[in-house]
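Inside the fold
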Amino acid sequence: MPTYVKVCALILLAVLVALTAALITVLADSQTGSIVSNGADYSLLPGPSAAYPDGDPKLLTDGAHGQLNTGASGYYSGGAYVGFNSSALDQSGEITVIIDLGKRYEDLCAFSLGYLNEVSVGVFAPESVSFSVADSRNGDYEQIGVLNTKQDVAGASETYVSTLSCDPVAGRYVKVSVKALVSYTDAEGVIRNAGWTFLDEISVYSASGEAPGGAADVSGTSEESGTAEQSGGNRSPKTGDESVSYAVLALAAVSALAMGVALFAKRRRGIDSIE
Ligand SMILES: [Ca+2]
């Protein structure tokens, strides 16, 4: 194979690798953007149980998720969760978190809640979570959507992250309304009280925002997701179609370039043989 063909092939390979890397980045960004809530201050109503209090820095925006302890004590005892006892909640079972992002963002595009389902020790995943945004703490909150966070009350211990994606929405304050599972019906049909709700992280994503504290560690968690449309909100879900179109165009351009090089090589070979 002539040297110039090898060089062209190497260049093409490099272009393909770069394009693939760019495509992966674009697709990842199109789904969630950057976390802008790390280190953000928030209020909790009601406050957590004295036995499983919030930390310093605050646990729900420290970027860390609960991990399974290597001992026999499971997830709940690792100190990564803020715990709420159902006896401290009113009948609605609602826990309200209001996060101050520190400034108004124009393109909030996803919201997530991390929570635990460790039924063996009386910790139950919440029933649902609703995300709303506003420009001022006591302003009119626009509801973005609601996610069903129910998990199997007889299931194995697992920690979860549920994410709601939406078209960009503006705001500085994010209200997260968690509806705890106050009671449930067991396999024998007996209604039982659900003891605890454990939360470990809330993340707010901006399509273009810089992440002030780096990306969250979500290793070891189960990912669940939804869109504002699926969950009854009034915003249409993000599909990433635009990114895919760019990727198709880029791949088409590379293919055309490759065909051009191949044709050029073929012609040169023809010329070489005539010579
Ligand atoms: Ca955390």
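Here the residue numbering is sequential within each chain, running from 1 through the sequence in written order. Restriction of local features to residues with pLDDT of at least 70 applies here, the model being predicted, together with a cutoff of 80 or more for giving and counting side-chain atom pairs; totals for whole chains, interfaces and linings are based on all residues.

1. With respect to the overall build of the chain
Secondary structure counts use DSSP, requiring at least four H or I residues in a row for a helix and at least two E residues in a row for a strand, with both numbered from the N terminus. If you tally the helices and strands in the chain, you get two helices and 11 strands. Mapped from its N terminus to its C terminus, the chain presents α and β elements in the order α-β-β-β-β-β-β-β-β-β-β-β-α. With C-beta atoms placed from the backbone, a contact is any residue pair whose C-beta atoms sit within 7 Å. Here the contacts in the chain between residues at least 6 apart in sequence split such that 79% fall between residues at least 24 apart.

2. Observations regarding the pairing of strand E10 (residues 196-206)
Among the 11 residues in E10, 11 count as buried, and that is most of the element. Should DSSP find at least two bridges between two strands, the strands are taken to pair. In this structure, strand E1 (residues 34-35) lies alongside E10, joined through two bridges in antiparallel fashion. Residue pairing for E10: isoleucine 35 is matched across the bridge by tyrosine 205. Pairing geometry for strand E3 (residues 82-85) and E10, over four bridges, is antiparallel. When the bridges of E10 are listed, glycine 83 appears paired with phenylalanine 198. In this scheme every C-beta is placed from the backbone, and a residue whose C-beta has 20 or more other C-beta atoms within 10 Å is buried, one with 12 or fewer is exposed, and one in between is partly exposed.

3. A closer look at the confidence of the model for the chain
In predicted models, pLDDT denotes the confidence assigned by the predictor to each residue on a 0 to 100 scale. Per-residue pLDDT for the chain averages 80, and the proportion of residues at 70 or more is 68%. For the stretch residues 229-252, pLDDT sits under 50, and the model shows 39 contacts to residues farther than four places along the chain or on other chains. Low confidence marks residues 270-275, where pLDDT is under 50. Its contacts with residues over four positions away, or in another chain, come to zero contacts.

4. Comments concerning the environment of alanine 154
Tracing the backbone through its elements, the reader meets alanine 154 in the loop between strand E6 (142-148) and strand E7 (158-179). With 9 C-beta atoms packed within 10 Å, alanine 154 lands in the exposed category. Contacts of alanine 154, omitting those with residues within four sequence positions, involve Val119 and Ala187.

5. Thoughts on the environment of glycine 78
As for its placement among the helices and strands, glycine 78 is situated in the loop between strand E2 (41-45) and E3. Judged by C-beta crowding, with 16 C-beta atoms within 10 Å, glycine 78 ranks as partly exposed. Sequence-distant contacts of glycine 78, defined by excluding residues within four places in its chain, comprise Gly66, Gln67 and Asn69.

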